[in-house]
Amino acid sequence: MATGHRAQWKGFIKFGEVSCGVALYTAASTSERITFNMVNKASGNRVNRVFVDSETEDPVPKEQQTKGFEIEDGEYIIIDPDEVAATIPESNKTLEIEAFIPCSDVDDVYFDKPYYLTPDKMGGDAFAALRDAMKKSNVVAIARTVLFRRMRTVLIRPHGKGLIATTMNYDYEVRSSKKAFEEIPKLKIEGEMLDLAKHIISTKKGTFDPATFDDRYEAALADLVKAKIEGKALPKPKKVEVSKPNDLLAALRESAGMMKATAVKPKRTAANANQGTGRQRATRGATSKATASGTAPRRKAS
């Protein structure tokens, strides 16, 4: 990895009786986002967070703070930090692959956080053998290990010259989609409405390029900060134009390009066309005469 990019975890990956050293590097980071500190409006100084007793409202020093589990309203059992540490499973620093499965078997709602998985200097051959065999077999790997003091399930898949290891949410952490969708009415769309929707999709097909998606919120924050530093007027938010309510079928037709407004000029009859041509000839004749006599034709007052 690039200099300065520190590995988040180092250990081994094992498949069958083959193992090699690997390292995990963060694939996505929020460190480039604009961040703010809490400041005292009156003094302009940064404020500090202080923990206070919920009953006495007295400040509680750090050495007096500990963890607690609420068993009833306002009643807690004390959990010592050493007791918490004792529950953390021991790590053997090994990503042991338990199974190879089709990627389509995994619902991406279980995806948590991605990491780049790279080989160490001595394990390149074994790493490349695993990567290329997974590519050829069109499979991903399920592995388990202790990461960041928790036992984690990890999905491993080939990516370029390396692998991507994505930590997975546990089943109890993922909320049921049935509950989320239970109030959606059962509707079956068919006929022209479905055909129009399919047509719109076909005209909007493209490829995924993450570079084309800009973070408009971060850009707006940057403009705001710059304006405040330079003492300029603050950027005004763009007015949102509210769409007029349309009939769904009409909106689909319009989206599909079937209702584009085109300016159609009324056709003139032959008689009108001839009259227009005669007027043009008469006007040109009058202008020529006026020029010859040295006097310009008078314009009507507008």
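Remember, predicted model here, so these are calculated numbers, not experimental data.

Peer 1: Looking at this structure, how should I read unusual backbone geometry?
Peer 2: Generally, phi is negative for residues other than glycine and the peptide bonds are trans, each holding for most cases. The phi torsion at Asn138 lies on the positive side, around 55°, for a residue other than glycine. For Asn138, the position within the fold is in the loop between helix H2 (124-137) and strand E7 (140-147). According to the relative accessible area criterion, Asn138 is exposed, its value standing at 63%. One non-glycine residue with positive phi stands out, namely Phe148, at about 55°.

Peer 1: What's the story with the pattern of salt bridges in this structure? I'm lost.
Peer 2: A side chain with one charge may pair with a side chain of the opposite charge, provided their charged atoms come close. Scanning all chains against the criterion turns up four salt bridges. For the salt bridge of Arg152 with Asp112, the shortest nitrogen-to-oxygen distance reads 2.9 Å. Taken together, the residues span a long stretch of sequence, with Arg152 in strand E8 (residues 150-159) and Asp112 in strand E6 (residues 111-119) at a distance of 40 residues. Taking the relative accessible area as the measure of exposure, Asp112 reaches 39% and is therefore partly exposed.

Peer 1: Where do I start with helix H5 (residues 216-230) in this structure?
Peer 2: Residues lying three or four places apart along an α-helix face the same way, a consequence of the helix completing one turn every 3.6 residues. In a regular helix each residue adds 1.5 Å, so 15 residues correspond to 21 Å; H5 covers 21 Å between its end C-alpha atoms and thus fits that length. Taken together, the buried positions of H5 are Glu218, Leu221 and Ala227. Where H5 terminates, the next one or two residues include Gly231, which has phi positive at roughly 70°.

Peer 1: What should I look at first to understand the nonpolar core in this one?
Peer 2: Counting 22 residues, the largest nonpolar core has Ile13, Leu95, Leu117 and Ile156 as its most contacted members. Listed by contribution, the elements that provide at least two residues to this core are strand E1 (9-15), strand E2 (18-26), strand E5 (94-101), E6, H2, E7, E8 and strand E9 (162-168). Ranked by residue count, the leading element in this core is H2, at four residues. Every residue in contact with Ile156, bar those within four places of it in the chain, is listed here: Ile13, Leu95, Leu117, Met134, Val140, Ala141, Ala143, Leu163, Ile164 and Ala165. Ranked by size, the runner-up nonpolar core spans five residues in total, among them Val106, Val140, Ile142 and Leu155.

Peer 1: Teacher, can you tell me more about the confidence of the model for the protein chain here?
Peer 2: Across the protein chain, pLDDT averages 79, with 81% of residues at or above 70. Summarising per-element confidence for the protein chain, the mean pLDDT is lowest in helix H7 (residues 270-293) (40) and highest in E9 (95). Across residues 261-302 the pLDDT falls below 50, and counting only partners more than four positions away or on other chains, this stretch makes four contacts in the model.

Peer 1: Just to check I follow, could you spell out a nonpolar patch on the surface for this structure?
Peer 2: A cluster of nonpolar side chains, Phe36, Val225 and Ile229, forms an exposed patch at the surface whose accessible area comes to about 330 Å². Note that Phe36 resides in the loop between E2 and strand E3 (67-72). In this structure Phe36 comes out as exposed when scored by relative accessible area, which is 56%.

Peer 1: What is the right way to read the sheet that holds E8 from this model?
Peer 2: Paired through their backbone hydrogen bonds, the strands of a sheet run either parallel or antiparallel. Ordered by their spatial adjacency, seven strands build a closed barrel running E1-E2-E6-E9-E8-E7-E5, and the pairing between neighbours is mixed. Strand after strand, the sheet turns through a mean of 40° between neighbouring axes, direction not considered. Where E2 meets E6, five bridges bridge the pair, whose relative direction is antiparallel. For Leu24, the partnering residue across the bridge sits in E6 and is Leu117.

About the thresholds
Residues numbered from 1 in each chain as written. Predicted model: local features only at pLDDT ≥ 70, side-chain atom pairs only at ≥ 80, totals over all residues. Heavy atoms only, no water. Helix = DSSP H or I, 4+ residues; strand = E, 2+ residues; numbered from the N terminus. Buried < 20%, exposed > 50% of the residue type's maximum accessible area, 1.4 Å probe, protein only. Salt bridge = Lys/Arg side-chain N within 4 Å of Asp/Glu carboxyl O. Expected span 1.5 Å × (residues − 1). Core = buried A, V, L, I, M, F, W, Y, C linked by side-chain atoms within 4.5 Å. Contact = heavy atoms within 4.5 Å. pLDDT = per-residue confidence, 0-100. Patch = residues over 30% accessible without salt bridge, like charges linked within 9 Å, V, L, I, M, F, W, Y side chains within 5 Å. Areas by Shrake-Rupley, 256 points an atom, 1.4 Å probe, with all protein chains shown as cover. Pairing = 2+ DSSP bridges. Axes fitted to C-alpha atoms, helices over the stretch in contact; angles between N-to-C directions.

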